[in-house]
Amino acid sequence: MGDYFILACECVFALFILYYMVEEIIEIKRNKLEYFKTIWNFLDLIIIFISVVCIAFNVYRTLAVTNLLENLLNNPDEFADFEFLGFWQTQFNNAVAFTVFLAWIKIFKYISFNKTMTQLSSTLAKCAKDVAGFAIMFFIVFLAYAQLGYLVFGTQIQDFSTFQGSIFTLFRIILGDFDFHALESAQRVIGPIFFLTYVFFVFFVLLNMFLAIINDTYSEVKADIANQQSEFEIGDYFKKGYSKLLEKLHIKREKITDIQNTIQFADSNFDKQIDFDEWRNELKKKGYADVEIENLFAKYDLDGDRVLDEEDQRRMQIDLARQKEEISKEFGDLEEKARPTTGRKSRASTGGDDESDGESGARSGSRGSGVSYEEFNVLSRRVDRMEHSIGSIVSKIDAVLVKLEAMEKAKLKRRETMSKILDTIAESDGLSDESKREQMEKLVRDELERWDTDGSGSGTGASPPGSTGGSRARFSFSRPGSGGASTA
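Given the structure is predicted, the values throughout are model-derived calculations rather than measurements.

**Focus: the overall build of the protein chain**
Here is step 1 of the chain: Secondary structure assignment for the protein chain yields 16 helices and 4 strands.
Here is step 2 of the chain: When burial is assessed residue by residue, the protein chain has 23% of its 488 residues classed as buried.
Here is step 3 of the chain: Only carbon and sulfur atoms are counted for the fraction: they give 61% of the accessible area of the protein chain, which is about 34,300 Å².

**A closer look at the packing of helix α6 (residues 128-153) against helix α9 (residues 190-227)**
Here is step 1 of the chain: Contact geometry for α6 and α9: axes closest at 11 Å, N-to-C directions at 170°. On the basis of the axis angle, α6 is roughly antiparallel to α9. Two packed elements cross with a definite hand, and for α6 against α9 that hand is left-handed. Facing α6, whose interface residues are Asp130, Val131, Phe134, Met137, Phe138, Val141, Phe142, Tyr145, Leu148, Gly149, Val152 and Phe153, α9 presents Ile190, Gly191, Phe194, Thr197, Tyr198, Phe201, Val202, Leu206, Met209, Phe210, Ile213 and Ile214.
Here is step 2 of the chain: Looking at side-chain class alone, the contact of α6 with α9 contains 20 nonpolar, 3 polar and 1 charged residues.

**Some remarks on the environment of Asp44**
Here is step 1 of the chain: For Asp44, the location among the structural elements is in helix α2 (residues 39-74).
Here is step 2 of the chain: Discounting residues that sit within four places of it in the chain, Asp44 has contacts with Glu24, Lys106 and Lys109.

**Brief notes about the pattern of salt bridges**
Here is step 1 of the chain: A full pass over the atoms with the stated rule returns 7 salt bridges.
Here is step 2 of the chain: Its salt-bridge partner being Lys106, residue Asp44 comes within 2.6 Å of it at the nearest N-O pair. Here Lys106 lies in the loop between α3 (83-105) and α4 (107-111) and Asp44 lies in helix α2, a separation of 62 residues in the sequence. Residue Asp44 shares its accessibility class with Lys106, and that shared class is buried.
Here is step 3 of the chain: Arg172 is the partner of Asp159 in a salt bridge, and the nearest nitrogen-oxygen pair spans 4.0 Å.

**Examining the confidence of the model for the protein chain**
Here is step 1 of the chain: Residue-level pLDDT values for the protein chain average 76, and 75% of them are 70 or greater.
Here is step 2 of the chain: Contacts from residues 458-488, a stretch scored under 50 in pLDDT, to residues over four places away or in other chains number 33 contacts.

**Focus on the side chain of Asn58**
Here is step 1 of the chain: When you line up the elements, Asn58 lands in helix α2.
Here is step 2 of the chain: Under the relative-accessibility criterion, Asn58 is labelled buried at 16%.
Here is step 3 of the chain: Polar contacts involving the side chain of Asn58 include one to the side chain of Arg61, which spans 2.3 Å.

**Side note on the nonpolar core**
Generally speaking, a soluble globular protein has its nonpolar side chains buried in company with each other.
Here is step 1 of the chain: Among the nonpolar cores identified, the biggest contains 23 residues, and Phe138, Phe142, Phe153, Phe160, Leu170 and Tyr198 are the most heavily contacted of them.
Here is step 2 of the chain: Broken down by secondary-structure element, the contributors of at least two residues to this core are α6, α7 (163-174), α8 (180-186) and α9.
Here is step 3 of the chain: Residue contacts for Phe160: discarding those within four places in its chain leaves Gly149, Tyr150, Phe153, Gly154, Ser166, Thr169, Leu170, Leu183 and Phe194.
Here is step 4 of the chain: Formed by 17 residues, the second largest nonpolar core is a distinct cluster that contains Ile259, Ile263, Ile293 and Leu320.

**Quick word on unusual backbone geometry**
Here is step 1 of the chain: In this structure, Lys32 takes a positive phi of about 55° despite not being glycine.
Here is step 2 of the chain: Here Lys32 is to be found in the loop between α1 (2-31) and α2.
Here is step 3 of the chain: Here Lys32 falls in the exposed class, since its relative accessible area comes to 55%.

**Here we look at the packing of aromatic side chains**
Here is step 1 of the chain: In total, this model carries 26 aromatic pairs according to the counting rule given.
Here is step 2 of the chain: Measuring from ring centre to ring centre gives 5.2 Å for Tyr35 and Phe36, while their planes differ by 85°; the resulting arrangement is edge-to-face.
Here is step 3 of the chain: Looking at Tyr35, the relative accessible area reads 1%, which means it is buried.
Here is step 4 of the chain: A centroid spacing of 6.5 Å and a plane angle of 25° characterise the contact between Phe98 and Phe101, whose relative ring orientation is stacked. With Phe98 and Phe101 both in helix α3 and 3 residues apart, this pair spans about one turn of that helix.
Here is step 5 of the chain: Members of the aromatic cluster, joined through ring pairs, are Phe134, Phe138, Phe139, Phe142, Tyr145, Phe153, Phe160, Phe171, Phe194, Tyr198 and Phe210.
Here is step 6 of the chain: A cation sits over an aromatic face here: Arg61 above Phe92, 5.2 Å from the ring centre.
Here is step 7 of the chain: Across the ring face of Tyr20, the terminal group of Lys106 is positioned such that the distance to the ring centre comes to 5.6 Å.

**A short note on the state of the cysteines**
Here is step 1 of the chain: Applying the stated rule across the entire model yields 0 disulfides.
Here is step 2 of the chain: In this structure Cys9 is a free cysteine whose sulfur lies 9.2 Å from that of Cys11, the closest cysteine sulfur available.

**Quick notes on helix α12 (residues 290-300)**
Here is step 1 of the chain: Along α12, the positions that sit buried rather than exposed are Ile293, Leu296, Phe297 and Tyr300. Axial view of α12: buried residues confined to an arc of 95°, hence all on one face.

Rules used throughout
- Residues numbered from 1 in each chain as written.
- Predicted model: local features only at pLDDT ≥ 70, side-chain atom pairs only at ≥ 80, totals over all residues.
- Heavy atoms only, no water.
- Helix = DSSP H or I, 4+ residues; strand = E, 2+ residues; numbered from the N terminus.
- Buried < 20%, exposed > 50% of the residue type's maximum accessible area, 1.4 Å probe, protein only.
- Areas by Shrake-Rupley, 256 points an atom, 1.4 Å probe, with all protein chains shown as cover.
- Axes fitted to C-alpha atoms, helices over the stretch in contact; angles between N-to-C directions.
- Parallel < 35°, antiparallel > 145°, perpendicular 65-115°, else oblique.
- Left-handed = near helix turned anticlockwise from the far one by under 90°.
- Contact = heavy atoms within 4.5 Å.
- Nonpolar A, V, L, I, M, F, W, Y, C, P; charged D, E, K, R; others polar.
- Salt bridge = Lys/Arg side-chain N within 4 Å of Asp/Glu carboxyl O.
- pLDDT = per-residue confidence, 0-100.
- Polar contact = N/O pair within 3.5 Å; in protein donor to acceptor, adjacent residues only side chain to side chain.
- Core = buried A, V, L, I, M, F, W, Y, C linked by side-chain atoms within 4.5 Å.
- Phe/Tyr/Trp six-rings, centres within 6.5 Å; stacked < 30°, edge-to-face > 60°.
- Lys NZ or Arg CZ within 6 Å of the ring centre and 35° of its normal.
- Disulfide = S-S within 2.5 Å.
- Arc of directions from axis to C-beta.

Put into structure tokens, the structure is as follows:
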């Protein structure tokens, strides 16, 4: 019985690996090079690769062992060589152990819902550069002591007889596993000095520097995480899933009720048959789409005559009653499970439900209450009036913009006119005062006539400078010596 259970587990494992292989291939095809920018994707590929190799070796080992055992039973005097299989069985066990280790590490990918779960990965990622620089300094000092211990104590102490053994011995000294008397017996002066300086520099200085880097980075990460909101909480995830499930069940139950009412009231001509037009008109009043109406009608119209006779209606009523009973039972089971764990009803405040949840809630509300045909017509007329009002407002805004543009043009013309007048005054230094006055009056008169012509032609209503209420400005110039030109 135990062998069959193991075989079943192996089959399930092979199916999972096949599924994840297809999924990863689809992700690589969809994301291309972006797929390889995440460390978790590399971890998935390593797990899948090692798992495929292990599955292949498991099949090969079973066949090879069966073949060797048959040969051994047929020829008991011959030697059966299991050395090759024994070696690769050891590698197989190591690969399986490494795969299980990576699978446990992968749990971090799925529990990083909230800020508390990301502290470890954020701390390691943020202090990676500092730790890399510290590692260079640490291994310089550590390998120097390892080489010194190998050369000084290698001929007298077994733990320092090789360079690799010296490295592992120094690691053991850091953890508190050391033999000070052996060092002192080998070298009465150099031994204690070697031990004391190694403990001081490596244990008290370098290791405390390493802990200081980790602690400082962890404090920064904890402060940053405390100031930001969790992207997603595990509790909110399950609450949201539970709420969506209840909402879907509620919508489905309301839909069944609508269909049952449609069967009861859609037969407008009382011939005990419901054709497609009667079915469509009744469900349209309840806000259903044409595709949904068509699919639902075709499901029970088995003969395809676009008419639901009494047999079709009876079969539909039985099916809907069964579905409604199953949904009510499932709905009651969920509420029964949720009652002991929830003392009060609360909604998660992590940004609320998304936009799709709001739309589905509105849709379920509309189907629960229902909208009559008269109310639908009233709402349609209101929307038409609103569109008409918006159109008139837009046209008025366009007119205002045209007037503002005309005023801007008139302002530019006034600026050009003043520039001409100033240029004329500057160029007429040799003329007499009377000639200057006549020339300026002529320029002003011409400009005013041109403004009147442009204003009446364009109809923009822009008045020339100095005019009030559309009247023309009157210019009078004083005689020479009376203080220059004046305007009124």
